[in-house]
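One-letter residues, chain by chain:
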Amino acid sequence: DVKVTQSSRYLVKRTGEKVFLECVQDMDHENMFWYRQDPGLGLRLIYFSYDVKMKEKGDIPEGYSVSREKKERFSLILESASTNQTSMYLCASRSRPSSYEQYFGPGTRLTVT
Amino acid sequence: AQSVTQLDSQVPVFEEAPVELRCNYSSSVSVYLFWYVQYPNQGLQLLLKYLSGSTLVKGINGFEAEFNKSQTSFHLRKPSVHISDTAEYFCAVSDGGYGGSQGNLIFGKGTKLSVKP
C-alpha cells in the first residue's frame, strides 16, 4: 500500500513565524503535491513537483514556497505565517503523470494566531 | 479551463436509504474522473475512478458511478447507506495530458453526506 505521511496532524503557530510542513511518501513516486482545504472551497493546489528539485506553482502559491531535495520528501514552507493561512494542508503523491490517481496524506491542520 | 461542479453542498439521508451525489464537469477533451471520500479529520481516499471502458464504475464500500459523456456528468450512487458513510465526498477530473500542469486533478468543492439513524 502507498503510504503518505505528514509530519504533524495539528500545528499552532504565531503570526510572522516561519513554518515547515513535511510530507514523505514511501512508494518512489515521481510527483508530489501540496493543497490547502478550506470549508466551501474544496481543495486548491498550492505547488507541485514533477521530480527532485523541480517545482511548479499551482493556483494559490502566494505566501508559500516548497523544497524537494529528495524524491520521497516534499516540504511546504510558510516564510512568514499569517492568520489567513490557517487551514488544513494536504499532501499527495502520484507515481507518474500518466497514472493520474493521487494518494493523500492525513493532513495537517494549521492554526496561525 | 476545466471545472467541476458538485451540485449539492450537503446531502442528509436516512440510514438504508439510497443516495446520489451529483457531479458535472466541463471539458472539451477526453477526461478521467475520480471520486474521493474524506472521513472526519483524515486525508482523502480514492473511492473509484473512470479512465476508459465501461461507463459504470464500481468502487469500494458499495459505491458506484456512471460516466455520461453527453451530459458531462459523473454521479456517485449507493443503493443503501450506512451511518459509517457519513463523510465529505469530492469529485475530481483530469484532462489526461501530462505536460506541465496537464494531468493534474481539478476538484469540486465537496458534498457532505450526513447519514441519520
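Here, the structure is the one placed above.
Here is what the cut-offs are and how they apply
- Residues numbered from 1 in each chain as written.
- Chains lettered and ligands numbered in written order.
- Predicted model: local features only at pLDDT ≥ 70, side-chain atom pairs only at ≥ 80, totals over all residues.
- Heavy atoms only, no water.
- Helix = DSSP H or I, 4+ residues; strand = E, 2+ residues; numbered from the N terminus.
- Disulfide = S-S within 2.5 Å.
- Core = buried A, V, L, I, M, F, W, Y, C linked by side-chain atoms within 4.5 Å.
- Buried < 20%, exposed > 50% of the residue type's maximum accessible area, 1.4 Å probe, protein only.
- Contact = heavy atoms within 4.5 Å.
- Pairing = 2+ DSSP bridges.
- Axes fitted to C-alpha atoms, helices over the stretch in contact; angles between N-to-C directions.
- Buried area = accessible area lost by both parts, 1.4 Å probe.
- Salt bridge = Lys/Arg side-chain N within 4 Å of Asp/Glu carboxyl O.
- Polar contact = N/O pair within 3.5 Å; in protein donor to acceptor, adjacent residues only side chain to side chain.

Undergrad: Explain unusual backbone geometry to me, using residue names and the numbers behind them.
TA: All names here are of chain B. Although it is not a glycine, Glu 16 sits at a positive phi angle of roughly 75°. Among the structural elements, Glu 16 can be located in the loop between strand S2 (10-14) and strand S3 (19-21). For Asn 41, which is not a glycine, the phi torsion comes out positive at approximately 60°. Within the secondary structure, Asn 41 is located in the loop between strand S5 (32-38) and strand S6 (44-50).

Undergrad: So what about the state of the cysteines? Which residues, and what values?
TA: Such a bond, covalent and formed between the sulfur atoms of two cysteines, is termed a disulfide. Residue and element names in this part refer to chain A. Enumeration over the complete set of coordinates arrives at 2 disulfides over all chains. One disulfide bridge connects Cys 23 with Cys 91, the sulfur atoms lying 1.9 Å from each other. Between Cys 23 and Cys 91 the disulfide shows an S-S torsion of about -80°. By sign, it is left-handed. Of the two residues, Cys 23 sits in strand S3 (residues 19-25) while Cys 91 sits in strand S9 (residues 87-94), which places them 68 residues apart along the sequence.

Undergrad: Which residues make up the nonpolar core, and what are the values?
TA: Core analysis: the largest hydrophobic core is formed by 28 residues, its most contacted members being Leu 33, Trp 35, Leu 47, Leu 48, Phe 74, Leu 76 and Tyr 89 of chain B. In this structure, Leu 48 of chain B is in contact with Leu 33, Phe 34, Trp 35, Val 57, Lys 58, Gly 59, Phe 63, Glu 64, Ala 65, Phe 74 and Leu 76 of chain B, ignoring residues within four places of it in sequence. Core analysis: the second largest hydrophobic core is formed by 20 residues, Val 19, Trp 34, Phe 74 and Leu 110 of chain A among them.

Undergrad: Give me the sheet that holds S3 of chain A: which residues, what numbers.
TA: Residues and elements named next belong to chain A. Here we have 4 strands laid out as an open sheet, ordered S1-S3-S8-S7, and antiparallel in their pairing. Edge positions in the sheet fall to strand S1 (4-6) and strand S7 (64-70), since each of these pairs with one other strand and no more. With strand direction ignored, the average angle separating the axes of adjacent strands in the sheet is 20°. Pairing geometry for S1 and S3, over 3 bridges, is antiparallel. Considered in S3, the bridge of Val 4 is made with Gln 25.

Undergrad: Run through the interface of chain A and chain B, naming residues and quoting values.
TA: Taken together, the 24 residues of chain A in the interface contact 26 residues of chain B. Of all residues in chain A, Tyr 100, Glu 101 and Phe 104 of chain A bury the most surface against chain B, accounting for 32% of the area lost on that side. At the junction of chain A and chain B, the tally comes to 1 salt bridge. Residue Lys 49 of chain B is joined to Glu 101 of chain A by a salt bridge in which the shortest nitrogen-to-oxygen separation is 2.8 Å. There are 6 residue pairs in polar contact (both at pLDDT 80 or more) connecting chain A and chain B. Of all the secondary structure elements, the ones that give two or more residues to the side of chain A that touches chain B are strand S4 (31-38), strand S5 (42-49) and S9 of chain A.

In short, the description is geometric, and any link to function would need to be established separately.
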